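# Coordinate analysis (summary)
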Amino acid sequence: QVQLVESGGGLVQPGGSLRLSCAASGRIFSIYDMGWYRHAAGKQRELVATITNEYSTNYADSVKGRFTISRDNAKNTVNLQMNNLKPEDTAVYYCNAQGKTTRNSNWNAWGQGTQVTVSS
């Protein structure tokens, strides 16, 4: 009932930047937390950054000072600006959001994932 569509991944050299975007659509009445997670080969999925509907943010220690999460509540979008990328940032990045539908049901949705590769 709620879909998340991501965009913006790709290949970038170390020290470069990328911007990921995620748009939510469907029977959305409200969105609470939105966030980004990543899954690197051979590792468990980990939290990258989250943002509440009141714009409070939380970051993994490994990305603090380099990544910035933002959201546009009017457009139901969340973005992740990634600067000074490192090879260890290589992973599939997933968007996540939670909220309520127009029928007052809770939902928790994931995007399809977008590949970020940091390599020279």
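Read on for an overview of the structure. (Residues numbered from 1 in each chain as written. Predicted model: local features only at pLDDT ≥ 70, side-chain atom pairs only at ≥ 80, totals over all residues. Heavy atoms only, no water.)

### Some words on the sheet that holds strand β8 (residues 77-82)
Pairing within the open sheet is antiparallel, and its 4 strands lie in the order β1-β3-β8-β7. A strand with exactly one partner marks an edge of an open sheet, and here the two such strands are β1 (2-7) and β7 (67-72). Across the sheet, the mean angle from the axis of one strand to that of its neighbour is 15 degrees, orientation sign disregarded. With 6 bridges connecting them, strand β3 (residues 18-26) and β8 associate as antiparallel partners. Across the sheet, residue Cys 22 finds its bridge partner in β8, namely Val 78. (Pairing = 2+ DSSP bridges. Helix = DSSP H or I, 4+ residues; strand = E, 2+ residues; numbered from the N terminus. Axes fitted to C-alpha atoms, helices over the stretch in contact; angles between N-to-C directions.)

### What to know about the packing of aromatic side chains
For the structure shown, the criterion picks out 1 aromatic pair. Over the ring of Tyr 94 we find Arg 45, and its NZ or CZ is 4.1 Å from the ring centre. One cation-aromatic arrangement involves Arg 45 over Trp 110; the distance from NZ or CZ to the ring centre is 4.6 Å. (Phe/Tyr/Trp six-rings, centres within 6.5 Å; stacked < 30°, edge-to-face > 60°. Lys NZ or Arg CZ within 6 Å of the ring centre and 35° of its normal.)

### Brief notes about the pairing of β3
For a regular strand, the rule is simple: side chains alternate between the two faces of the sheet. Where β1 meets β3, 6 bridges bridge the pair, whose relative direction is antiparallel. Looking across to β3, one finds that Ser 7 is bridged to Ser 21.

### Comments concerning the state of the cysteines
Taken as a whole, this structure holds 1 disulfide when the rule is applied. Covalent S-S linkage joins Cys 22 and Cys 95, the inter-sulfur distance amounting to 2.1 Å. Taking the torsion about the sulfur-sulfur bond, which here is approximately -80 degrees, the covalent link between Cys 22 and Cys 95 counts as left-handed. In this pair, Cys 22 sits in strand β3 while Cys 95 sits in strand β9 (residues 91-101), placing the two residues 73 residues apart along the sequence. As far as the burial class goes, Cys 22 and Cys 95 line up, both buried. (Disulfide = S-S within 2.5 Å. Buried < 20%, exposed > 50% of the residue type's maximum accessible area, 1.4 Å probe, protein only.)

### Focus on the pattern of salt bridges
Tallied over the entire structure, the rule returns 4 salt bridges. Here Glu 46 and Arg 38 are joined by a salt bridge, their closest N and O atoms 2.6 Å apart. Taking relative accessible area as the criterion, Glu 46 reaches 34% and is therefore assigned partly exposed. The buried category is assigned to Arg 38, whose relative accessible area is 4%. Where Lys 64 meets Asp 61, a salt bridge forms, and the shortest distance between an N and an O atom there is 3.1 Å. It is possible to trace a salt-bridge network through shared partners that takes in Arg 38, Glu 46, Arg 66 and Asp 89. (Salt bridge = Lys/Arg side-chain N within 4 Å of Asp/Glu carboxyl O.)

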